[in-house]
Amino acid sequence: AVVSTQSTGKTVTSLALDYTNTRLLSASLDHQVKMYDLSSYKVTHSIKYAAPVLAVGTTAHNTELIAGCSDGIVHVRKQPVPDTATPAKRPLSAITPGTAAFLERGKNTPPTPKDAVSGKEPKRKKLAPYDLHLKRFQYTEALDHVLKSRHNPDVVVSVIQELFRRDAMKRVLSGRNEETLQPILYFLEAHITNPRYCTVLCDLAHILASLYSPVLGMSPVIDKLFEKLNRRLKFELKVQERYMKLQGAMECFFTATGLS
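Nothing here was measured: the structure is a model prediction, and the numbers come from that model.

Focus: the overall build of the protein
Line of reasoning, step 1. Check the secondary structure of the protein and you find eight helices and seven strands.
Line of reasoning, step 2. Burial analysis of the protein (260 residues in total) assigns 27% to the buried set.
Line of reasoning, step 3. Within the protein, residue pairs in contact and separated by at least 24 positions form 40% of the contacts whose partners lie at least 6 positions apart.

Focus: the pattern of salt bridges
Line of reasoning, step 1. For the structure shown, the criterion picks out six salt bridges.
Line of reasoning, step 2. A salt bridge links Asp-144 to Arg-176, with the shortest nitrogen-to-oxygen separation between them at 2.9 Å. Here Asp-144 is found in helix α3 (residues 139-148), whereas its partner Arg-176 is found in the loop between α5 (169-173) and α6 (178-191), with 32 residues between them in sequence. The residues Asp-144 and Arg-176 share a single accessibility class, namely buried.

Some thoughts on the sheet that holds strand β2 (residues 23-28)
Think of a sheet as strands paired side by side through backbone hydrogen bonds, with each pair either parallel or antiparallel.
Line of reasoning, step 1. With antiparallel pairing, the four strands of this open sheet are ordered in space as β1-β2-β3-β4. Edge strands, defined here as strands with exactly one partner in the open sheet, are β1 (12-17) and β4 (42-48). Averaged over all neighbouring strand pairs, the angle between strand axes comes to 20°, with direction disregarded.
Line of reasoning, step 2. Pairing of β1 with β2 involves five bridges; the strand directions are antiparallel. Within β2, the residue paired with Leu-15 across the bridge is Ser-26.

Remarks on the packing of aromatic side chains
Line of reasoning, step 1. Per the stated rule, a full pass over the model turns up two aromatic pairs.
Line of reasoning, step 2. With 6.3 Å between their ring centres and 80° between their planes, Phe-137 and Tyr-139 make a pair best called edge-to-face.
Line of reasoning, step 3. Given a relative accessible area of 60%, Phe-137 falls into the exposed group.
Line of reasoning, step 4. Looking at Tyr-139, the relative accessible area reads 9%, which means it is buried.

So, the environment of Glu-141
Line of reasoning, step 1. Looking at where Glu-141 falls in the secondary structure, it is placed in helix α3.
Line of reasoning, step 2. Overall, the relative accessible area of 40% leaves Glu-141 in the partly exposed class.
Line of reasoning, step 3. For the pair Glu-141 and Pro-129, spaced 12 residues apart in the sequence, the C-alpha separation amounts to 9.4 Å.

A closer look at the side chain of Ser-28
Line of reasoning, step 1. Locating Ser-28 in the fold gives a position in strand β2.
Line of reasoning, step 2. Ignoring sequence-local partners within four residues, the contact set of Ser-28 consists of Thr-8, Lys-10, Thr-11, Val-12, Thr-13, Pro-52 and Val-53.

Details of the sheet that holds strand β5 (residues 53-58)
Line of reasoning, step 1. If you walk across this open sheet you meet the three strands as β5-β6-β7, and the pairing is antiparallel. The open sheet terminates on both sides in strands that have one partner only, identified here as β5 and β7 (74-78). Pairwise comparison of adjacent strand axes, ignoring direction, gives a mean angle of 15° for this sheet.
Line of reasoning, step 2. Strand direction decides the pairing type here: strand β6 (residues 64-69) and β7, joined by five bridges, are antiparallel. Bridged to Leu-65 within β7 is Arg-77.

A word on the state of the cysteines
Line of reasoning, step 1. Within this structure, the stated rule accounts for zero disulfides.
Line of reasoning, step 2. Of the cysteine sulfurs around Cys-198, a residue in no disulfide, the closest is that of Cys-202, at 5.6 Å.

Focus on the packing of α6 against helix α7 (residues 198-212)
Line of reasoning, step 1. Relative orientation of the contacting elements α6 and α7 amounts to 140°, with a least axis distance of 11 Å. Put simply, α6 runs oblique to α7. Here α6 and α7 pass one another in a crossing that is left-handed. Residues Leu-181, Ile-184, Leu-185, Phe-187, Leu-188 and His-191 of α6 form the contact with α7, whose own contacting residues are Leu-201, Leu-204, Ala-205, Leu-208 and Tyr-212.
Line of reasoning, step 2. In terms of residue class, the contact of α6 with α7 is built from 10 nonpolar, one polar and no charged.

Calculation notes
- Residues numbered from 1 in each chain as written.
- Predicted model: local features only at pLDDT ≥ 70, side-chain atom pairs only at ≥ 80, totals over all residues.
- Heavy atoms only, no water.
- Helix = DSSP H or I, 4+ residues; strand = E, 2+ residues; numbered from the N terminus.
- Buried < 20%, exposed > 50% of the residue type's maximum accessible area, 1.4 Å probe, protein only.
- Contact = heavy atoms within 4.5 Å.
- Salt bridge = Lys/Arg side-chain N within 4 Å of Asp/Glu carboxyl O.
- Pairing = 2+ DSSP bridges.
- Axes fitted to C-alpha atoms, helices over the stretch in contact; angles between N-to-C directions.
- Phe/Tyr/Trp six-rings, centres within 6.5 Å; stacked < 30°, edge-to-face > 60°.
- Disulfide = S-S within 2.5 Å.
- Parallel < 35°, antiparallel > 145°, perpendicular 65-115°, else oblique.
- Left-handed = near helix turned anticlockwise from the far one by under 90°.
- Nonpolar A, V, L, I, M, F, W, Y, C, P; charged D, E, K, R; others polar.

What follows is the structure in C-alpha cells.
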C-alpha cells in the first residue's frame, strides 16, 4: 500500500525502521525526528533538535535513538532498562499494620486510601504571565510580555521557539506599529550573533525582513534599527570569513610540518 503524509514542514533527509519494524523514523530539515506507527501511519512521538537533522536510526532492542545534525553533533537518547536484579518491594497494601515492616516504612511513604491525612495540600506553582498567554493561545501578548519584561535571553528565545513550533510566528509579527516592532529589533540586534541563539533568531530576522521591507522609509526609527541589524550581520560575516581563512592557513601549516 502507498501512504502519503504531510506531517513535516521541510525536506525529509532520512528514513529508518526501528528494531521491531513496527515504527518508521523520519528526520527532516525542520529540526525534528518523528516516529510513525506503521499500523496507522500516525505520528506517535516527535523530538525537536537545535539544528536540521540529516540522519536517524536506532540500536538493537530500541535502547538508543541516534540522530546526526547538520552542526556536526550526534545526539544519542538512551531508554532506561529496568533492573531485573533488584527484588520487587512488597506493596503497601500487603503490609500488616503494627508489624516491623509497617513501622519501618519511612516518612516519604505515600499514604494508603485507608490512612487519615491532615494538613493542606501544597500550593501549585503559578505559571509565568507569558506561559499563561501561550496557554490561552494569545501568542502576540506572550511575545510582547517576554520582551518588555526584560527576561533572560534564554526565556525569550524559548518563547520564540514555541511560537515557531506552533506555526504562529508570521501571524505574531504581522501588522505591528513602530512601538511594538522596536523591542523585537532591539533584541535581534543584541543577540543574533550569539551562537546559542543565531539559528532561531536568523529565521526570525528573515520573516521580519520579508514582512516590513516594502514599508522601509516610512519610519526613521525603524529604518535606523534595521540598518544597525544589517551592520551587525555584515560585521559578523567578516569576522567569520577571517576565522575561516585563519583555519585554512593553520591546516596548511600543520600539514606541511606533519603536525596534523
